[in-house]
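# Descriptive analysis of the structure
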Amino acid sequence: MFMSKLILSLDGGGIRGTASIQFLRKVEEQLQRNHQKSLRDCVDLYAGTSTGAVIALALATTSLSVENINDLYNASNAKEIFKPNRGWFELDGVNAPKYEGQGKKQVLKRNMGDAQLGDARRQGCHVLAVTFGVEYHRPKIYKTSNKQHHSLLSYQMADASSAAPTYFPSVAVLDPDSGQPRWLVDGGVVANNPAMCAIAESRRLWPETPLEQVRLISVGTGKRTRKINGPATEDWGALQWMRQGHIIDVLSDEQLVAYQALNIMPPGRYLRINAQMREQPGLPLPPDDAMDDISQTNIDKLKRLGDFWFERYGQAVVAMMLDTYQGPSLDAIDPKTGAPGQAR
């Protein structure tokens, strides 16, 4: 008899992670109120990229409550994290990072403290965080299935996984696999949606457990909707792609992985929580899709987006957490109907 396993996968997206953790807070409330369980009682593997890695590592390795983690996504912390880089002769985001990076490190260290990846094993779960090693041009996934990674500090892993190029400086981490310092950037350049990394890791962790006994809840941070002038891109170089084309956002799109996961996971074992950041039934005032719009107004709208997701997906996700879900796999919300799409 195989024990069913649950994966919680969390996308990157900067301040848009506010919607993700607001959604999870609502799930936690219902689990506690109606079932006397917590989210942590249900999840076997957390996977995160960028802001998703911050949430995943906080859940897996610290004692912060879901409410505490939700409270991290406030305007005061956001201003400290997204502190503009004010160097001389620097065009922020072009020949220097847009934000100075030290504030982000301090917020993460202050809240995660001395927590290490290995603490997840003591809590009875696994976690992985996606980064990218710039020196060797390859993804670097730090995870609890590798015992050499257990002593890594959670805040450092969160800092590295969220070091989005052009937004934040790269982060140096002493790599336990090589014993050498490695310069890392945001894992979103290769896997902003870490769901496929999580599926692959589940095969390593539980090789004898059939995929039919693996459940995957994949939480996005909203789909970007702003348009790029297609004909103009014919003449663009690096500067235009950075300033006008938002090349990092193009590279970190989540939709391909969402499609792969939907088709790889067995029917009824996959829930994708996401929506376009545009007006739609149930969401008359959508948030800005920028990863760094930290205005109080936009943070409030992102909270509302998380509530909107709970209204649409909440009962299915709670049932999936408890391994009682009997419905179809669900995809992102259809903006025409305001309802989750279903696998065909």
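All values reported here derive from a predicted model rather than from experimental measurement. (Residues numbered from 1 in each chain as written. Predicted model: local features only at pLDDT ≥ 70, side-chain atom pairs only at ≥ 80, totals over all residues. Heavy atoms only, no water.)

Moving on to the overall build of the protein chain. When helices and strands are tallied, the protein chain shows 14 helices and ten strands. For the protein chain, with 344 residues in total, the buried portion stands at 55%. Contacts spanning at least 24 positions in sequence make up 74% of the contacts within the protein chain whose residues lie at least 6 apart. Summed over its atoms, the accessible surface of the protein chain is roughly 15200 Å², and 51% of this surface lies on carbon and sulfur atoms. (Helix = DSSP H or I, 4+ residues; strand = E, 2+ residues; numbered from the N terminus. Buried < 20%, exposed > 50% of the residue type's maximum accessible area, 1.4 Å probe, protein only. Contact = heavy atoms within 4.5 Å. Areas by Shrake-Rupley, 256 points an atom, 1.4 Å probe, with all protein chains shown as cover.)

Attention now moves to the side chain of Lys 104. By secondary structure assignment, the location of Lys 104 is in helix H6 (residues 102-112). Judged by its relative accessible area of 6%, Lys 104 falls in the buried class. Those residues in contact with Lys 104 that lie beyond four places of it in its chain are Glu 80, Ile 81, Asp 159, Ser 162, Ala 163 and Phe 168.

Ranked by internal contacts, the top residues of the largest apolar core, which has 78 residues, are Leu 8, Phe 23, Tyr 46, Trp 309 and Met 321. With 13 residues, helix H14 (residues 296-321) is the single largest residue contributor to this core. Ignoring sequence-local partners within four residues, the contact set of Phe 23 consists of Val 219, Ile 273, Gly 306, Trp 309, Phe 310, Tyr 313 and Val 317. In terms of nonpolar packing, the next biggest core, distinct from the first, is built from 20 residues, Leu 128, Ala 195, Leu 211 and Val 257 among them. (Core = buried A, V, L, I, M, F, W, Y, C linked by side-chain atoms within 4.5 Å.)

Most of strand E1 (residues 5-10) sits inside the fold, with six of its six residues counted as buried. Side chains of E1 alternate between two faces, with Lys 5, Ile 7 and Ser 9 and Leu 6, Leu 8 and Leu 10 buried alike. Bridge count between E1 and strand E7 (residues 214-219): six bridges; the pairing is parallel. When the sheet's bridge partners are listed, Leu 8 is paired in E7 with Ile 217. Where E1 and strand E2 (residues 45-49) come together, four bridges link them in parallel fashion. Note on E2: the bridge partner recorded for Leu 8 is Tyr 46. (Pairing = 2+ DSSP bridges.)

We now examine the pattern of salt bridges. Overall, the coordinates contain 16 salt bridges when judged by the stated rule. Between Lys 105 and Asp 159 there is a salt bridge; the shortest N-O distance is 2.7 Å. With Lys 105 in helix H6 and Asp 159 in helix H8 (residues 154-161), this pair connects stretches of sequence that are 54 residues apart. For Lys 105, a relative accessible area of 25% gives the class partly exposed. Note that Asp 323 and Arg 215 form a salt bridge whose closest N and O atoms lie 3.6 Å from each other. Linking Asp 323 in the loop between H14 and strand E9 (330-334) with Arg 215 in strand E7, this pair joins segments that are 108 residues apart in sequence. (Salt bridge = Lys/Arg side-chain N within 4 Å of Asp/Glu carboxyl O.)

This next bit is on the pairing of E9. Examined bridge by bridge, E9 and strand E10 (residues 339-342) share three bridges and lie antiparallel to one another. Considered in E10, the bridge of Asp 334 is made with Ala 339. Linkage of E9 to E10, two consecutive antiparallel strands, is achieved through a turn of four residues, within which Gly 338 is found at a positive phi near 75°.

Next up on the list: the environment of Gln 148. Looking at where Gln 148 falls in the secondary structure, it is placed in the loop between strand E4 (138-143) and H8. With residues up to four places along the chain from it excluded, the contact list for Gln 148 reads Pro 176 and Asp 177. Reaching out from Gln 148, the side chain makes a polar contact with the backbone oxygen of Pro 176 at a distance of 3.4 Å. (Polar contact = N/O pair within 3.5 Å; in protein donor to acceptor, adjacent residues only side chain to side chain.)

This paragraph deals with the side chain of Asn 298. Mapping Asn 298 onto the fold places it in helix H14. Look past the residues within four positions of Asn 298 in its chain and what remains in contact with it is Pro 287, Asp 288 and Asp 293.

What follows covers the environment of Ala 58. Topologically, Ala 58 is positioned in helix H3 (residues 51-61). Sequence spacing of Ala 58 and Ala 115 is 57 residues, and the spatial spacing of their C-alpha atoms is 8.7 Å. Residues within four places of Ala 58 in sequence aside, it is in contact with Arg 40, Leu 64, Ile 69 and Met 112.

This brings us to helix H10 (residues 195-205). Structural remark: α-helix, 3.6 residues per turn; residues separated by three or four positions point the same way. Here H10 has its buried residues at Ala 195, Ala 198, Ile 199, Glu 201, Ser 202 and Leu 205. Viewed along the axis of H10, the buried residues span an arc of 165°, placing them on a single side of the element. (Arc of directions from axis to C-beta.)

Turning next to the packing of aromatic side chains. Scanning all chains against the criterion turns up four aromatic pairs. Ring geometry for Phe 82 and Phe 168: centres 5.5 Å apart, planes at 50°, overall tilted. Note that Phe 82 is positioned in the loop between helix H5 (75-81) and H6 and Phe 168 in the loop between H8 and strand E5 (171-175), a separation of 86 residues in sequence. As far as the burial class goes, Phe 82 and Phe 168 line up, both buried. Members of the aromatic cluster, connected to one another through ring pairs, are Phe 82, Tyr 99 and Phe 168. Its end group placed over the ring of Phe 168, Lys 104 keeps NZ or CZ at 4.9 Å from the ring centre. (Phe/Tyr/Trp six-rings, centres within 6.5 Å; stacked < 30°, edge-to-face > 60°. Lys NZ or Arg CZ within 6 Å of the ring centre and 35° of its normal.)

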